[in-house]
Amino acid sequence: RSLLVCHWNKKMIKVLGLALYGDKAASTRYRLFQYKSLLEESGIELEVFSLLSNEYLVKKFNGERVSLLVMLVSVFNRIKILLKQKKYDCAIVYCEIFPLLPGWIESRILKIPYIYDFDDAFYLKYQSKRFQFISPFLANKFLPVIKRAYCVTAGNNTLKNYASSINENTFLLPTAVDTVRYKVLKKTVTNALTVGWIGSPSTASYLKGISKPLSILGESQDVRLVVIGGKAPCIKNVDVIELPWNEDDEVNEINNFDIGVMPLPDSPWERGKCGFKLIQYMACGLPVIASPIGVNSEIVEHGVNGFLVETDEEWESSLRTLMGDPELRHRMGQAGRVKIERQYSLQVTGPVLTSVIKSIVKGS
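Residues numbered from 1 in each chain as written. Predicted model: local features only at pLDDT ≥ 70, side-chain atom pairs only at ≥ 80, totals over all residues. Heavy atoms only, no water.

(A) Structural context of the overall build of the protein. The secondary structure content of the protein amounts to 17 helices and 12 strands. The C-alpha radius of gyration computed for the protein amounts to 22 Å, which stays within 12% of the reference 21 Å derived for 364 residues, consistent with globular compactness. In terms of overall dimensions, the protein has C-alpha extents of about 65 × 60 × 35 Å along its principal axes. The 364 residues of the protein split such that 51% are buried. When contacts within the protein are restricted to residue pairs at least 6 apart in sequence, those whose partners lie at least 24 apart make up 70%. Accessible surface, the protein as shown: approximately 17800 Å² in total, 55% of it carbon and sulfur. A gap of 9 Å separates the mean positions of the 45 positive and 37 negative side-chain charges of the protein. (Helix = DSSP H or I, 4+ residues; strand = E, 2+ residues; numbered from the N terminus. Rg over C-alpha atoms; globule rule 2.2 N^0.38 Å. Buried < 20%, exposed > 50% of the residue type's maximum accessible area, 1.4 Å probe, protein only. Contact = heavy atoms within 4.5 Å. Areas by Shrake-Rupley, 256 points an atom, 1.4 Å probe, with all protein chains shown as cover. Lys, Arg positive; Asp, Glu negative; His and termini not counted. Charge placed at Lys NZ, Arg CZ, Asp CG, Glu CD.)

Right under this line is the structure:
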């Protein structure tokens, strides 16, 4: 009885999560939402509020315009949440609180200690051609935001090294998967070998980089390319299938791949990516082939759990090798699953985030 009373009287740590997008965005789901139940077990209550809704994302991906009224309502709702910030012990800011707001203002909006969290090279956002007219005012927006943070959690070492130069209290927090949910399932046997890719409409264009190797392979054997969540390129000699992304089906669909791929161009933005596709593939026991860009070279151990390739010839050779060797695919898939369990699972990253949050509350 005394133990129950003690538990009831124990104060929960309350954390305000400020996400940029709704939970249909992988970043919001995997950087914030998936930690809620795990944190609760450690006495931490995480409430996540998104600036831009799932409806906004759907319209954006469909190329539709979002009305000014909808945007104003989104801003108003965020302001309402910020006015209540004192009821929380600390906050987690994912990427930015308000787009287009100068950093010196944004960094002072929160009056409670905050963690700055990012898993893309967001510090390059306002340096791109898209924002060239306002770049003089916003190019270095994230410098004060990162500097004033109690600490920073970065999705990979490229991002960590950048943030560490501004805020020494920076921690590596890879984007992870729950290995209880991500399981290795028995695959459906088909005549064609399935090369798979999962992502969003904004990154599907990278698949054009492997169109030629896939087409050459398709001249001599049955090849299927399954694309989840984006527009697939038309590839001669290849059976190309587009599937809509669905959270309930994604693990099953990935398990139907024989090989997972992640082609990337070599540019500053892509070097900051967290290789999350690879983590999803490997968690499902798949061998992978990827461009050796950024964190991909850390996730993929060449010849162990997959291949790192650059040229068309290397893509073709690696695909042909895996397609012709079921035992190699199985062995690499097993090695990949072990790596995810050891380094990129929620069960590993959860305690890191828990510790960071508790250190903030203890130190504030």
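Okay, back to it.
(B) Representation of the pattern of salt bridges. Applying the stated criterion to the full structure yields 17 salt bridges. Between R181 and E250 there is a salt bridge; the shortest N-O distance is 3.0 Å. Highlighted residues: R181 in the loop between β6 (170-172) and β7 (193-198) and E250 in helix α11 (residues 250-255), separated in sequence by 69 residues. Overall, E250 belongs to the buried group, its relative accessible area being 2%. Salt bridges linked by common partners bring E96, E106, K125 and K141 together as one network. (Salt bridge = Lys/Arg side-chain N within 4 Å of Asp/Glu carboxyl O.)

(C) Here's a closer look at the sheet that holds strand β2 (residues 44-52). Spatially, 6 strands are ordered β2-β1-β3-β4-β5-β6 in an open sheet, and the strand pairing comes out parallel. With one partner strand each, in any of the chains shown, β2 and β6 form the two edges of the open sheet. Ignoring which end each strand starts from, the neighbouring axes of this sheet average 20° apart. (Pairing = 2+ DSSP bridges. Axes fitted to C-alpha atoms, helices over the stretch in contact; angles between N-to-C directions.)

(D) Examining the nonpolar core more closely. Counting residues in hydrophobic clusters, the biggest one holds 59 residues, and the most contacted among them are Y116, F118 and I357. If you tally residues by element for this core, the top one is strand β1 (residues 13-21), at 7 residues. For Y116, the residues in contact, after removing those within four places along its chain, are V93, C95, F122, F142, V145, I146, A149, C151, V152 and T153. (Core = buried A, V, L, I, M, F, W, Y, C linked by side-chain atoms within 4.5 Å.)

(E) Here's a closer look at the packing of aromatic side chains. Within this structure, the stated rule accounts for 11 aromatic pairs. Ring centres of Y116 and F142 lie 6.4 Å apart, and the angle between their planes is 45°; this geometry places the pair in the tilted category. Of the two residues, Y116 is situated in strand β4 (residues 114-118) and F142 in helix α8 (residues 142-147); the sequence distance between them amounts to 26 residues. Residues Y116 and F142 agree in their burial class; the two are buried. Between F122 and W269, the ring centres sit 6.1 Å apart and the planes meet at 55°, which makes this aromatic pair tilted. Note that F122 is positioned in the loop between β4 and α7 (135-138) and W269 in helix α12 (residues 268-271), a separation of 147 residues in sequence. With relative accessibility at 9%, the residue F122 sits in the buried group. (Phe/Tyr/Trp six-rings, centres within 6.5 Å; stacked < 30°, edge-to-face > 60°.)

(F) Representation of the sheet that holds strand β8 (residues 223-228) within the structure. If you walk across this open sheet you meet the 6 strands as β9-β8-β7-β10-β11-β12, and the pairing is parallel. What marks the edges here is a single partner per strand, and that holds for β9 (239-243) and β12 (306-308). Along the sheet, successive strands turn relative to each other by an average axial angle of 20°, direction set aside. Inspection of the sheet shows strand β10 (residues 259-262) paired to strand β11 (residues 288-290) by 3 bridges, in the parallel sense. Within the sheet, the bridge partner assigned to M262 lies in β11 and is A290.

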